Amino acid sequence: MKRNLNFPKYVSIQTTSFCNARCVFCPNEETRNLFPVRIMDRGLFHKIIDECSEYENIERIILYLNNEPLTDPHLVERINYAKEKVPWASVHILSNGSLLTDDLSDNLINSRLDWIGFSIHGVTKKTFEAAMGLDYDSTFQRVLRFIDRAKEKRNSKDFIMITFLRHAYLTLEEKEAAIKFWSDKGIERISYFDGPISRAGNVKNLPKVRHRKTQGCSTIWATEMIHIVENGDVVFCCMDWRREVVLGNINKQDIHEVWNSQLYDVMRDRRDGRRESGESFICKRCEAAISSVQQVEVMNAFTEKLKVGSYPKRCLSKFILLSCIFACALFYSSYFWLFKKLRGKLILGGS
């Protein structure tokens, strides 16, 4: 067993390339025809998990990315294999729930899955179907039956999460109605996001962003998660729906090799502003990127408040440096304390 800080703590594995939904806030409609419908080879999946079993710092194995995990006919088998080989890691999925059957529901409930999230963006027929392009009646019937069956064998407080976000069809009133609806069903883990994002410009009907330069990524997964799609390619992040930045392939390399490769380091440097990147670089189109402009504005406001003229330059420089160190220490201590408390409720990516 190895404890290697040069290995990701979180592994996201897209075991199929398909999603049956047509969510208005998702790039799926624009990118679904770019790649063939494919199911990950069993040997490739086992190779990924077997390598993860060598590292005790693995905390989470996420069996979805930019897809619907229930389209994988081997999903339950994969869940059990991952948990058997890496029992200390949390294994979970995020699904729209529309493909649930009684048999699949029972198999998931009886599997070694730690928890499942359902991405359901409305509780009225009109809103749900307009937002997701799925049949309201059958989907809700299947999800509600799953909840009822899960309550018999699982602690629904920990096992089931509902997630949804604000979109063009969801009113404030329906947001509150949705929270009440799922709470009345006994669901305590309800995750709401106040608005969609363009996924680095990949959703054509959402406003785009453009950064002149980036200084990092604001997501909690930026430096800790590796993203592997169904053909073994490692993509830069969950925003890269078009697979613009492919960092390696696990059919030919192992995770540790890709994660510590020169190419990966170059892309990290470009993301974090330590190396120049082209105008079309994916992070420059992403809402999650930290813009250098934001940092400049913060520092300008900070130095203005110090009334520069009243301090000797040398003393001022030391004061600014010490203040920044103190602020960073306070921020990160608070961040990691809060992250530890909320880790089980945080998700990113998926349906």
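This text gives an overview of the structure that appears in the document. Remember, predicted model here, so these are calculated numbers, not experimental data.

## What to know about the environment of A222
Within the secondary structure, A222 is located in the loop between β7 (214-217) and β8 (225-228). A sequence separation of 15 residues divides A222 from C237, and the C-alpha atoms of the two residues are 7.7 Å apart.

## Observations concerning helix α10 (residues 262-271)
Each full turn of the α-helix corresponds to 3.6 residues, which orients residues three or four apart in the same direction. Among the residues of α10, those classed as buried are Y264, V266, M267, R268, D269 and R271. Along its buried surface, α10 packs onto β7, β8, β9 (233-235), β10 (246-249) and α9 (255-259). Following α10 by one or two positions, G273 has its phi on the positive side, about 80°.

## Here we look at unusual backbone geometry
The phi angle of most residues is negative, glycine excepted, and most peptide bonds adopt the trans form. Even without being a glycine, R199 presents a positive backbone phi close to 55°. Its location among the elements puts R199 in the loop between β6 (189-193) and β7. At R243, a residue that is not glycine, the phi angle is positive and equals roughly 55°. As for its position among the elements, R243 is in the loop between β9 and β10.

## Quick word on helix α8 (residues 172-184)
With 13 residues, α8 ought to run about 18 Å at 1.5 Å a step, and its terminal C-alpha atoms sit 19 Å apart, in line with that. Taken as a whole, α8 has its buried residues at E174, K175, A178 and W182. Looking straight down α8, one finds that the buried residues subtend no more than 105° of arc, so they occupy a single side. Turned more than 90 degrees from where α8 packs its buried face, L172, E173, K180 and D184 sit exposed. Contacts from the buried residues of α8 go to α5 (125-132), α6 (136-153), β5 (160-165) and β6. Backbone geometry just after α8 places G186 at a positive phi near 90°.

Procedures and definitions
- Residues numbered from 1 in each chain as written.
- Predicted model: local features only at pLDDT ≥ 70, side-chain atom pairs only at ≥ 80, totals over all residues.
- Heavy atoms only, no water.
- Helix = DSSP H or I, 4+ residues; strand = E, 2+ residues; numbered from the N terminus.
- Buried < 20%, exposed > 50% of the residue type's maximum accessible area, 1.4 Å probe, protein only.
- Contact = heavy atoms within 4.5 Å.
- Expected span 1.5 Å × (residues − 1).
- Arc of directions from axis to C-beta.

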